[in-house]
Structure formats: structure tokens, C-alpha cells
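Letter by letter, the chains look like this.
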Amino acid sequence: MQDTIPLTLVPSRESEAVVAPHSYYDEVWQRFRQDRTAVVSLGVLVLIVVCAAAAPLLTSHDPLQGDIAHRLLSIGTAGHILGTDEQGRDMLARLLYGARLSLLAGIVPVFLATIIGTAIGTVSGYAGRVIGAVLMRIMDVCYAFPAILLAIAMVASLGAGVANSILALSIVFIPPIARVAESATRQIVVQEYIEAARVSGASTFLVIVDQLLPNVFSPIFVYASGLVGLSIVAASGLSYLGLGAAPPTPEWGAMLNSLQASIYVQPVVVALPGFFIFVTSVAFNVLSNTLRDALDVKGTTRN
Amino acid sequence: MIDLTETGPAPFAESTPFLSVRNLRKQFPVKLGFRKTGYVSAVDDVSFDVMKGETLGIVGESGCGKSTTARLLLRLIEPDDGQVSFDGRDIRGGGRDEVRLLRRGIQMVFQDPYTSVNPRMSIGDNVAFPMKAHGIGKNERHERTEVLLEQVGLHRHHASYFPHQMSGGQLQRVNIARALALQPRLVICDEPVSALDKSIQAQVLNLLKDLQEQLQLTYLFISHDLNVVEYMSDHVLVMYLGHVVEACSSEALYREPLHPYSQVLLSSIPKVDAEAREPVASLSGDIPSPLNPPSGCRFRTRCPFAMDICAKERPIMRQPEPGHGVACHLYDTVPATRSA
């Protein structure tokens with residue numbers, strides 16, 4: 001192995017080496033936590049997820065077991081803190097268990113669409129020319145339909161159910177994510193470090209996975225986190241229309257549907273599932289907005 | 001200890017060129033919608049030799065085909081025509097594996113230190129990536145990365161840094177370290193210092209020179225800065241619109257440029273010494289569009305000595321002095337030679 005070259009003119013090598021290395025994501029977190037709204041949103045989301053996961057520990061009521069004698073109790077009733085629904089089922093229990101399905105039906109489609117959309121987008125962006133053009137025009141065709149309408153049409157043809165609603169929403173979200181991934185990829189592939197990676201003799205797969213993906217991840221992640229809010233609303237919407245979770249399964253959208261007849265009796269109780277859909281969706285949107293700012297490196301100076 | 005490049009000494013190391021390029025040609029189609037409306041002639045009939053351990057400088061205005069030539073040699077772009085042999089082997093043709101092998105032997109230092117280093121990877125990962133691409137184990141990569149960083153004048157602790165924590169000069173050192181990771185024998189430097197401050201330029205150029213001596217590297221040094229090329233190169237190629245117009249030793253070019261274009265280029269270097277200043281011959285007009293290059297000699301539209309023949313015939317490379325090639329009709333009396 002070669003000797004090191006004695007070097008003059010490298011200023012303050014020793015002192016520089018002491019500076020703590022910190023990655024891009026360290027900086028992102030620094031910026032993120034300066035936004036109090038976003039931190040609160042993150043806290044709310046964590047709380048909802050934890051409560052959904054720990055539902056059996058937080059309530060002793062069975063979300064499916066009704067009690068005709070205690071229908072539509074108001075909020076604050078002893079034993080039923082959030083009241084009961086039209087069949088006398090405990091609202092707190094139903095909201096907690098319902099959160100599981102609502103979150104699942106909202107997040108899973110975005111997760112799946114992100115994986116597939118990113119693969120399609122990066123490949124078209126990297127390959128360019130014919131492959132890229134063909135793939136992206138196919139995406140554009142899907143893009144032409146309004147998201148909710150396409151999802152409804154798909155579930156209607158596949159048959160109602162949570163699995164089909166997740167599948168339909170995944171397919172609906174693939175084109176926009178693919179488009180974000182493709183445009184991000186096209187910006188990155190012209191950078192010299194991608195060329196440098198190709199010069200080094202790396203396979204196309206390694207270049208995409210090691211060099212490209214970490215750089216296109218940020219815009220995709222920001223976009224996907226914003227989609228979760230929409231996805232939760234859409235999933236609840238499908239359930240509300242009777243295309244998602246089937247009663248008596250607790251799910252926020254389905255609960256809204258079954259409760260709506262009682263809106264003049266217990267308006268606050270009826271609004272609860274809607275409130276949770278709203279809060280979760282807004283929290284994801286706030287998170288996404290702050291992430292957009294926090295992930296943007298262009299505002300920072302280099303040295 | 002890894003050895004990526006051991007092939008034994010070449011039998012005629014001193015007499016045969018290390019890198020030999022003949023009649024290299026590349027045209028880029030220009031498309032309007034689906035119709036091809038023409039071609040940009042980026043590199044046209046370029047020939048040169050580089051000897052082992054020497055530096056060949058390539059100068060010319062932007063758009064003259066310098067960088068395209070570099071990318072053709074690395075097969076980042078496939079040439080339309082021409083022969084390239086590197087260390088006695090023809091590098092044209094051959095599949096993916098041969099390109100990989102070629103790229104072990106030829107590496108490149110890029111122009112912009114900020115965009116040529118991956119911002120999401122640590123410095124160490126950036127430097128180690130070529131080794132990862134060639135399947136070298138993690139521990140070995142790690143060890144070698146530290147050696148490389150120190151070789152280019154950085155500290156081994158810099159491996160854990162991220163690009164945004166380093167200066168342009170430091171990043172260019174990282175760029176060089178990465179280019180050396182596979183122990184190449186030919187390094188193509190594509191404007192390696194043009195994005196840096198003057199003071200940093202000198203450091204990086206000296207580093208490149210030291211490394212060349214120590215590792216017996218051969219350089220292809222591309223720049224538009226004549227002073228930098230003079231400092232670095234043994235031989236110089238002057239390019240204009242995809243053609244080589246003059247090829248000679250660095251010393252000869254700066255002492256007595258023969259081609260009118262080289263003469264203008266050299267007279268445009270600012271000189272500190274007032275006595276040495278000559279009236280600056282400036283070029284009139286813009287560089288012609290490579291889409292529709294002038295017939296005959298491509299420089300004729302801006303040449304102060306343009307004659308009738310210049311529009312009709314493309315000048316061939318002649319050697320008015322031994323080892324000094326020039327493609328210009330002013331030297332038509334000199335018998336033709338193949339190349340410099």
C-alpha cells in the first residue's frame with residue numbers, strides 16, 4: 001500500500017477532525033423539532049397509534065357487544081365516558097378498536113403505493129427514453145381519473161371489503177407517487193455523482209439502490225406522508241359508503257354511516273368518528289408540510 | 001492488501017502508447033418530436049496517443065468536445081466510430097464485463113466538487129463506493145478508504161463526515177480519493193479545478209502532481225484554463241468544434257503555437273509582465289453552431305488567415321516540426337503525417 005503524502009497547505013486538519021459528524025437526517029430532525037405544531041401533530045399521531053394498539057388495556061368494553069337499554073348515552077355518562085352508539089355499544093371502545101382498522105386502511109395503501117410507485121418512477125426516470133415514456137404515459141392514463149371515483153369504481157367491481165378497499169386505494173395512489181419519483185429521479189440522474197458511480201463500474205441496480213434512492217427518497221416521503229391524510233379520509237369514505245369495513249366491525253367511516261340517523265339525538269357522539277378522522281388527517285398533513293421544509297437542504301449553507 | 005490492477009509489466013512500456021485513440025467520432029442526433037432534424041458533431045476524427053506516466057492536456061472552448069472525448073473513452077457514451085486501445089487492448093466492443101474491467105483501469109475526477117459527491121452518503125461511503133461496486137469486502141474497504149483519505153491530504157476521521165460539512169477544496173480531494181479507489185492507471189481529470197478558488201486550485205494541482213509521481217498515474221487533463229494545462233501537461237491537444245487543431249508538447253505550444261486558433265488562445269492569457277504583453281488578437285464572432293459546422297476547416301469563419309482552400313478542404317494533420325502537429329492549410333507545404 002502506498003505511503004501517505006506529506007502535505008503542506010491543508011489548513012487546520014487536526015481541529016477539523018474534532019467536529020462531530022452529523023448526517024443529513026440529524027439536521028432534518030433539528031429543523032423538524034423547531035416546528036411546535038408539527039411536534040404536537042407527531043405526538044397526537046403517536047398517541048392515537050399507541051391507543052389503538054393498546055385498546056384492550058384502555059377499555060374493558062367489547063366494541064361489538066351492544067346493550068339496547070343504554071342506547072345513545074351522552075358523553076360523560078358513568079361507565080361510558082364517550083357515550084354509546086345507536087346499539088348501545090361503548091363509543092370509546094369502538095373508536096379505539098376502530099382506529100386500528102382506519103389507520104391500517106389509510107396507511108397500508110400509501111405504503112404499498114410508495115414501494116411500487118417509487119420502483120416505477122425511478123426506473124422510468126433512470127432508463128428514460130422509451131421505457132420511461134411508456135411507463136409514465138400508462139401512469140398518466142390512471143392519473144386522469146379522480147382518485148376517489150377510481151377507488152369507488154374499483155371496489156365496486158372487486159366487491160366490498162377492507163382488503164379490496166386497501167387494494168383499490170393502493171392502485172389509485174401509485175401514479176401520483178410514480179410521477180413524484182420520476183421527476184425527482186430525473187433531477188438526480190444528471191448529477192455528477194451518478195455519473196461517477198457509473199464510471200466506477202457499478203451495476204445499474206447498485207447505482208439506483210445506493211446512489212439514487214437515498215436522494216429521491218425525501219420528496220417521495222414528503223408526498224407520501226401527505227397522502228396518508230387523504231388516504232385515511234378516502235378509506236373512511238369507502239367504509240361510509242358501505243364499500244369498506246362491513247358492520248358491525250368498528251371503523252370510523254362505517255361508524256359515521258351507522259350513527260348518522262341519530263344526529264339529532266346525540267350530535268356530539270355522532271360527530272366523534274368524524275372528529276377523529278379529521279384530527280388524524282390534519283395531523284398527517286401538518287407533519288407532511290413540516291417534513292417538506294425540514295427535508296429541504298437547499299436552504300442550508302455549506303460551511 | 002488488495003491489488004486490482006496487477007497485469008505485469010507491459011513489454012514495450014516505453015515505446016507503445018498507453019492510450020491510443022484513432023479517428024474517434026461521435027454525433028448526437030437532434031430530434032424535434034420524433035423526427036431527426038440533424039446531428040451535432042461533438043467529436044470528429046480525433047486521434048492522439050498518451051504515454052505511460054505522462055499528462056496529456058486537452059484545451060478548447062466550451063462545446064469543443066473535450067468532455068465528450070473523456071466520456072467516450074470511459075464508454076459512458078458509445079462512440080460512433082474510431083479505435084481506442086488502452087494498455088494494448090482494444091476497448092471498443094465487448095460486453096458489460098469488459099466495460100467494468102475497463103473502468104477499473106480508467107477513472108475520472110469530475111469538475112464540480114459539490115455535485116460529484118453524493119450528499120446523502122458519508123465521505124467514507126462515497127470514497128468506498130467503487131470498491132463496493134467491485135465486490136471488495138467491508139473491512140478491506142474501510143481500511144483502504146482511510147489510506148486513500150490520507151493520501152489526498154485529508155484526515156481519516158473525515159470518513160464519517162458528510163459532504164455538507166466540507167469545503168469545495170476538501171470535496172475535490174474526496175473526488176480524487178474516490179477516483180483512486182480502484183487503483184486506476186489512467187485518470188481523466190475533467191476540469192478538476194475550474195470550480196475552485198485560485199488558491200485552492202494550486203493545492204489540488206500539486207496534489208494531482210504528487211499522486212502522479214507516487215502512483216505512476218497517467219493523466220488526461222481537460223481544462224479551458226491554459227495556465228493550468230501548461231502547468232500540468234507534458235503534451236497538449238488543442239480542440240476546436242470537435243476537431244484537433246494542434247497537438248504538440250506543452251512547451252512547444254507555449255513557446256510557438258502554430259495554429260491560428262492556438263495563437264489567439266494563447267494571446268488571450270493575461271500576463272503580469274507588461275513587457276511581455278503583445279497586442280491581443282481577439283476572435284471575431286461566436287463559435288459556430290456544431291449543428292451546422294463550417295465546411296472544410298471548422299475554424300475558417302473566425303480565422304484571420306482564412307483562404308479559399310479553407311472552405312473547400314479539411315486540413316490534415318501535418319508536422320512542420322518533429323512532434324508538433326497542426327491541422328491548418330497555412331502549413332500545406334509540409335508533408336502530411338498520420339498524427340502527432
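Residues numbered from 1 in each chain as written. Chains lettered and ligands numbered in written order. Predicted model: local features only at pLDDT ≥ 70, side-chain atom pairs only at ≥ 80, totals over all residues.

A few points about the environment of E321(B)
All names here are of chain B. Keep this limit in mind: Labels follow the DSSP assignment, with helices taken as runs of H or I lasting at least four residues and strands as runs of E lasting at least two, numbered in each case from the N terminus. Here a residue counts as buried when 20 or more other C-beta atoms fall within 10 Å of its C-beta, as exposed when 12 or fewer do, and as partly exposed in between; the C-beta atoms come from the backbone.
By the element assignment, E321 lies in strand β11 (residues 317–321). By C-beta crowding, E321 is classed as partly exposed, having 13 other C-beta atoms within 10 Å. Considering only alpha carbons, one finds E321 and A252, 69 residues apart in sequence, at a separation of 9.7 Å.

A short note on the pairing of strand β12 (residues 324–327) of chain B
All names here are of chain B. Formally: One bridge is not enough; two strands pair if DSSP finds at least two bridges between them.
When strand β10 (residues 243–249) meets β12, the two strands line up antiparallel, connected through two bridges. Considered in β12, the bridge of A247 is made with G325. In this structure, β11 lies alongside β12, joined through three bridges in antiparallel fashion. Paired with E321 across the bridge in β12 is H324. Joining the antiparallel neighbours β11 and β12 is a turn of two residues, in which G323 adopts a positive phi near 75°.

Structural notes on the sheet that holds strand β1 (residues 19–32) of chain B
All names here are of chain B. Filter applied, for reference: Note on contacts: each residue gets a C-beta atom placed from the backbone, and two residues are in contact if those atoms are within 7 Å. In this description, a line fitted to the C-alpha atoms serves as the axis of each element, helices being fitted only across the stretch in contact, and the angle between N-to-C directions of two axes falls anywhere from 0 to 180 degrees.
The four strands lie next to each other as β2-β1-β4-β5, forming an open sheet whose pairing is antiparallel. The open sheet is flanked by β2 (35–50) and β5 (89–90), the only strands paired with a single partner. Inspection of the sheet shows β1 paired to strand β4 (residues 81–86) by five bridges, in the antiparallel sense. When the bridges of β4 are listed, R22 appears paired with Q83. Along the sheet, helix α1 (residues 66–73) contacts β1, β2 and β4; its crossing angle with β2, the most-contacted strand, is approximately 75°.

Comments concerning the sheet that holds strand β9 (residues 235–240) of chain B
Residues and elements named next belong to chain B. Strand order in the open sheet formed by eight strands is β6-β7-β8-β3-β9-β10-β12-β11, with mixed pairing between adjacent strands. Both outer strands of the open sheet, β6 (106–109) and β11, are each paired with one neighbouring strand and no more. The average undirected angle you get between the axes of adjacent strands in this sheet is 20°. Sheet contacts for helix α5 (residues 168–180): β6 and β7 (186–190); angle to β6, the most-contacted strand, approximately 175°.

These results come straight from atomic positions and should not be treated as a statement about function.
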